[in-house]
Amino acid sequence: SCGTGTDMWSAVGEFTTLASKTSISPPTSGETGFVSLQVAPNPSGGLFTVAGRLEPDARATIEVRNLLGQGVIEPRQVSGEQFSVKLDLRQQPKGIYLVSISRGDDHWVTKLVKTD
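The structure contained in this document is the topic of the report that follows.

Reading the values: rules and limits
Residues numbered from 1 in each chain as written. Predicted model: local features only at pLDDT ≥ 70, side-chain atom pairs only at ≥ 80, totals over all residues. Heavy atoms only, no water. Helix = DSSP H or I, 4+ residues; strand = E, 2+ residues; numbered from the N terminus. Polar contact = N/O pair within 3.5 Å; in protein donor to acceptor, adjacent residues only side chain to side chain. Contact = heavy atoms within 4.5 Å. Core = buried A, V, L, I, M, F, W, Y, C linked by side-chain atoms within 4.5 Å. Buried < 20%, exposed > 50% of the residue type's maximum accessible area, 1.4 Å probe, protein only.

1. Some thoughts on the side chain of Thr-61
Turning to step 1, where the next piece is worked out: Residue position: Thr-61 is located in strand β5 (residues 59–66).
Turning to step 2, where the next piece is worked out: Among the polar contacts made by the side chain of Thr-61, one reaches the side chain of Gln-77 at a distance of 3.0 Å.
Turning to step 3, where the next piece is worked out: Setting aside residues no more than four positions away along its own chain, Thr-61 makes contact with Pro-75, Arg-76, Gln-77, Ser-100, Ile-101 and Ser-102.

Set out below in structure tokens:
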């Protein structure tokens, strides 16, 4: 679960950032239901896609918050082995946002960079 400061990032797993894409490798997919997660493009002018795979019958929630901790879009529920969710932040000011993908007490967090 997420804490504060460096504790929060210990729950994130392994990140790989390639040009305009962030891939997240959850540390223990067998226990959490996550297999793979990806956010692209990142950075973006406001349209992002969160895609991934869950283990069969797993469910997760995707949330986006600003750096003040305020939700900026309605939380989205995902389930099934493959999912793809569009996030529209075009109405939000440019800056850094945190996308959280959670299942029970397990949370993975990465930043979104909105450029326009």
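2. Some words on the nonpolar core
Turning to step 1, where the next piece is worked out: Judged by nonpolar contacts, the single largest core of 21 residues is most densely connected at Ile-62, Val-64, Leu-87 and Leu-112.
Turning to step 2, where the next piece is worked out: Contributions of two or more residues to this core are made by β3 (34–40), β4 (47–54), β5, β7 (82–88), β8 (95–103) and β9 (106–114).
Turning to step 3, where the next piece is worked out: Each residue touching Leu-87, except ones within four places of it in the same chain, is listed here: Gly-46, Leu-47, Phe-48, Val-50, Ile-62, Val-64, Ile-73, Arg-76, Val-99 and Leu-112.

3. As for unusual backbone geometry
Turning to step 1, where the next piece is worked out: Note the cis peptide between Ala-40 and Pro-41, where omega equals -20°.
Turning to step 2, where the next piece is worked out: Inspection of the secondary structure puts Pro-41 in the loop between β3 and β4.
Turning to step 3, where the next piece is worked out: Looking along the chain, the bond that leaves Asn-42 and enters Pro-43 is cis, with omega of 10°.
Turning to step 4, where the next piece is worked out: Residue Asp-57 is not a glycine yet carries a positive backbone phi of 70°.
Turning to step 5, where the next piece is worked out: As for its placement among the helices and strands, Asp-57 is situated in the loop between β4 and β5.

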